[in-house]
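Commentary on secondary and tertiary structure
The lines below spell out each chain.
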Amino acid sequence: MADAILQVEGLVKHFDVRASKGLRVVHRTVQAVSDVSFTIGSGQTVGVVGESGSGKTTVGRCLLRLIEPTAGSVKFKGQELVGLEAKRLRELRRDMQIVFQDPYASLDPRRTVQDAIIEPFEIQKIKGDHVKKVADLLELVGLSPDHARRFPHEFSGGQRQRIGIARALALNPSLIVLDEPVSALDVSIQAGVINLLQDLQQELKLSYLFIAHDLSVVRHISEVVAVMYLGKIMEIGPAEELYLQPRHPYTQALLSAIPEPDPIVERDRQRILLQGDVPSPINPPSGCRFRTRCPIAKDICAEEEPALVTRGSGHPVACHFAEVMPVKVSASSASSTPTGAAL
């Protein structure tokens, strides 16, 4: 992609853990992220979806080097971030920010909103009228400048998330990692935050990595969607194409769980129910990691790991049988309005 702002190639993150086994201490490795690659263009939103434990949040934090990648390459505007010295990384972090999942835990309860938003300027040693900047940022995210002197506990969950967004915008970044920014909010509040993010993207020319487990919300905001399972990308492609023509059995199962707005259709619809539990990332299955729960798994799935390539389906899919798999998601389900979204 010619206008790529972020390029991720072969990203790997392993965590070393110790477990007691009798009198012995056993060292094991959690394979949280394995060979993840994708690109985010300027002004583009890439959505990452998957079950809990799929590695979505780990990917987002590795991109910003909040946790150190084990291997792979992360290039931001052509600059390699993996292995970059701390001083240069701090400078680049002006242009890369994150909005965390829990809007209350990400704010210091002992500091006012004004102090929280001014903190990035202090860390980066930027001079200026920060009080005026805080007022402008609060207005930008739909809050009143009078809120600056209040503490986080005086706000609702949606308001606290708007404060987190204002803090992320303080240094005028180009890329924002949104780590499940609406999952902790009521459905009615989610729509307002999602619409705010879209308005800010158009106004400020932002690029987003949007991490979530709600596929209807991801479809509403994302142009490209990557589906992760047990640390690997199973399928990635344009949002409309992936939702209307999902080729991986895991993607189909996730999409079949999206409720239909028509109660009659919802009552008669057959969902794809996956059998078994998600395997441990300490000892993932051989071959395809999804094969232990896949309804169409064959012997080759245990022997050979499928590459994430285009298999006649229009977008990359990590499945040996993607090109012959029937599409099971109805057009009405794929085109339904995201839960709580105000269009």
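Note that the structure is a prediction, hence the values are computed from the model and not measured.

With that out of the way, let us pick up the overall build of the protein. What the protein contains, in helices and strands, is twelve helices and twelve strands. A globule of 343 residues ought to have a C-alpha radius of gyration of about 20 Å, and the protein, at 21 Å, matches this closely. For the C-alpha atoms alone, the extent of the protein along its principal axes is close to 65 × 55 × 50 Å. The 343 residues of the protein split such that 50% are buried. Sequence separation of 24 or more characterises 65% of the internal contacts of the protein that already satisfy a separation of 6 or more. Per element, the accessible surface of the protein, about 16300 Å² overall, is 49% carbon and sulfur. Each charge class in the protein was averaged separately, 39 positive and 40 negative side chains, and the resulting centres sit 6 Å apart.

Note that Ser73 resides in strand 4 (residues 71-76). Residue class for Ser73 comes out buried when judged on its relative accessible area of 17%. Here the side chain of Ser73 touches Glu80 through a polar contact of 2.6 Å, side chain to side chain. Beyond its immediate sequence surroundings of up to four residues, Ser73 is in contact with Gln7, Val8, Glu9, Glu80 and Val82.

If you trace the four strands from one edge of the open sheet to the other, you get 2-1-4-5, paired in antiparallel fashion. What marks the edges here is a single partner per strand, and that holds for strand 2 (24-41) and strand 5 (79-80). Strands in contact with helix 1 (residues 56-63) are strand 1 (4-21), strand 2 and strand 4; relative to strand 1, the strand with the most contacts, it is inclined by about 120°.

Our focus in this paragraph is the pattern of salt bridges. Tallied over the full model, the rule gives nine salt bridges. In this structure, Arg293 and Glu51 form a salt bridge, with 3.2 Å as the shortest nitrogen-oxygen distance. In this pair, Arg293 is assigned in the loop between helix 10 (263-268) and helix 11 (299-303) and Glu51 in the loop between strand 3 (45-49) and helix 1, connecting sequence segments 242 residues apart. Arg293 sits in the buried class, given a relative accessible area of 10%. Glu91 is the partner of Arg88 in a salt bridge, and the nearest nitrogen-oxygen pair spans 3.2 Å. Here the residue Arg88 and the residue Glu91 both occupy positions in helix 2 (residues 86-92), the gap between them amounting to three residues, near one helical turn. With a relative accessible area of 39%, Glu91 lands in the partly exposed category.

About the thresholds
Counting restarts for each chain, with residues numbered from 1 along the sequence as it is written. The predicted nature of this model means local features are confined to residues of pLDDT at least 70 and side-chain atom pairs, given and counted, to a pLDDT of 80 or more, with totals for whole chains, interfaces and linings taken over all residues. Working from all heavy atoms in the structure, the side-chain values ignore hydrogens and water. Helix and strand definitions here come from DSSP, where helices need a minimum of 4 consecutive H or I residues and strands a minimum of 2 consecutive E residues; each element is numbered from the N-terminal end. Values of the radius of gyration come from C-alpha atoms, whereas the globule rule sets the reference at 2.2 Å times the count of residues to the power 0.38. Throughout this description, buried means an accessible area under 20% of the type-specific maximum (1.4 Å probe, protein chains only), exposed means over 50%, and partly exposed covers the range between. Any two residues whose heavy atoms approach within 4.5 Å are treated as being in contact. The Shrake-Rupley method, run with a 1.4 Å probe, gives the accessible areas here. Residue values count only the displayed protein chains as cover. Charge assignment: positive for Lys and Arg, negative for Asp and Glu; neither His nor the chain ends contribute. Here the site of a charge means NZ on Lys, CZ on Arg, CG on Asp, or CD on Glu. Throughout this description, a polar contact denotes any pair of N or O atoms lying within 3.5 Å of each other; where both atoms belong to protein, one of them has to be capable of donating a hydrogen while the other can accept it, and for residues adjacent in sequence the pair is counted only when both atoms sit in side chains. One bridge is not enough; two strands pair if DSSP finds at least two bridges between them. Axis definition: a line fit to C-alpha positions, over the contact stretch in the case of helices; interaxial angles, taken between N-to-C directions, run 0 to 180 degrees. For salt bridges, the criterion is a side-chain nitrogen of Lys or Arg within 4 Å of an Asp or Glu carboxyl oxygen.

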